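Summary of the model geometry
Each chain is listed here by its residues.
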Amino acid sequence: MSWFKKNKFGFTGTSSLIVDASKNFNNSVYLLSAVLGTAGFAVLGIFPNGCITYWLFFLASFFFFGVGALGTYIDQNVLEEKNRQLEKDNSSVVGLKDDLNGALQDCETLRAEKQDLHKRLVHTWLQSSFKQLELTSHERVTIYYEHEKEFYLLSRYSVNPTLNAEHEQKFSINRGVLCQAWEHKERIDIDKCPIFSDDLDGYIKYQKEKYDYDGHSLVMKSCSYVGKAIIDAGNHIGVIIFESDIRDILTEEQVKAILKYCDEYQSHMSQFVRDALVLDRTTRKPKTEELTPEEDLLSKLRKLNKLSGDACEPVS
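Anyway, here's the lowdown on the structure attached to this text.

So, how was this worked out
- Residues numbered from 1 in each chain as written.
- Predicted model: local features only at pLDDT ≥ 70, side-chain atom pairs only at ≥ 80, totals over all residues.
- Heavy atoms only, no water.
- Phe/Tyr/Trp six-rings, centres within 6.5 Å; stacked < 30°, edge-to-face > 60°.
- Helix = DSSP H or I, 4+ residues; strand = E, 2+ residues; numbered from the N terminus.
- Buried < 20%, exposed > 50% of the residue type's maximum accessible area, 1.4 Å probe, protein only.
- Lys NZ or Arg CZ within 6 Å of the ring centre and 35° of its normal.
- Core = buried A, V, L, I, M, F, W, Y, C linked by side-chain atoms within 4.5 Å.
- Contact = heavy atoms within 4.5 Å.
- Salt bridge = Lys/Arg side-chain N within 4 Å of Asp/Glu carboxyl O.
- Expected span 1.5 Å × (residues − 1).

Moving on, we get to the packing of aromatic side chains. Counted by the stated rule, this structure contains twelve aromatic pairs. With 5.4 Å between their ring centres and 90° between their planes, Tyr144 and Phe171 make a pair best called edge-to-face. Taken together, the positions of Tyr144 in strand β1 (residues 139–146) and Phe171 in strand β3 (residues 170–172) put the pair 27 residues apart, joining distant regions of the chain. Looking at Tyr144, the relative accessible area reads 5%, which means it is buried. With 5.5 Å between their ring centres and 70° between their planes, Tyr211 and Tyr225 make a pair best called edge-to-face. In this pair, Tyr211 sits in helix α5 (residues 200–211) while Tyr225 sits in strand β5 (residues 224–232), placing the two residues 14 residues apart along the sequence. Site record: aromatic cluster; members linked through ring pairs are Trp125, Tyr261, Tyr265 and Phe272. Over the ring of Phe196 we find Lys221; its NZ or CZ atom is 5.2 Å from the centre of that ring.

This part takes up the nonpolar core. Ranked by size, the top nonpolar core spans 29 residues in total, and within it Trp125, Leu126, Ile143, Val226, Ile240 and Phe242 carry the most contacts. Those elements that place two or more of their residues in this core are α2 (52–132), β1, β2 (150–157), β5, β6 (235–244), α6 (252–264) and α7 (266–283). Sequence-distant contacts of Phe242, that is, excluding residues within four places in its chain, are made with Leu133, Leu135, Arg140, Val141, Ser224, Tyr225, Val226, Leu250, Ile258 and Cys262. In terms of nonpolar packing, the next biggest core, distinct from the first, is built from 19 residues, Phe151, Val177, Cys193 and Tyr213 among them.

Let's shift gears to the pattern of salt bridges. Taken as a whole, this structure holds nine salt bridges when the rule is applied. Note that Arg187 is salt-bridged to Asp189, the shortest N-O span being 3.8 Å. Here Arg187 and Asp189 have matching classes, each one buried.

Attention now goes to α5. With twelve residues, α5 should cover 16 Å at 1.5 Å per step; its first-to-last C-alpha distance of 16 Å lies within 8% of that length. Looking only at α5, the buried set comprises Gly202, Tyr203, Ile204, Tyr206, Gln207 and Tyr211. Where α5 is buried, its residues contact α4 (176–184), β4 (186–189) and β5. Of the residues trailing α5, Asp212 is marked for its positive phi of about 60°.

On their own, these measurements won't tell you what the molecule is for.
The following block contains the structure:
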């Protein structure tokens, strides 16, 4: 047990009572002076005019009232100056936010143009692959990339405009030809699935049992598939799918040619997917919480810095 106790007052004291009291007095001195001056004028009526006490009260009241009025005037001028400065600062912040919004919009436009250019590059490569493999209007080829446990369509090509259309952009990683090619490096299915136009019920049953697909909802009623995983440094990052709604093209010989072609151009496809993932990160916006104006400004500055950096990254 200590022999000494802490003092609340004195040089070693911990109390802030005196300091707080002096601060409060300092803040209210002008108001107090004005009150004293007004009160002094109010009581002047009890003294006879011309006596020394009357004039002493008058002078004291005038002094206190004058100090209060002067202090109030000074405080008002200071407050007005602070308000003017705040308005000036606010207008500067608004102008900065407008400039930031404009810069962000420019970056978003540049990012969208870059993403479109990359997609057209992949589309051109698929078109070239289509011709080299001598595919027909009954086939199409599509590249997908994996992002956060889902497949996203990067690009597809077919000489058939109906099959070339991109209806959906996101697909489950847990079902379908995509899943099986992703998990087992490749998926070949060219002679077991019934043809839709020949056996509707058999086709619907096969798609459901084999791939967990609703055959009715499929735009392309494919019955032949060649799927191959796109692998980068041992990691599965995407899938390329060749499919046909007939069996005359995707024969065993054609399948060998497709797999050989994919092996030869595996590095190209990996690069396509890596670039797509970079662009994907700048595209997808995280959920934002309610931010204060200062936090919103800092957030936009960080985003502008990130987008500017991403915009400078080359896409092969």
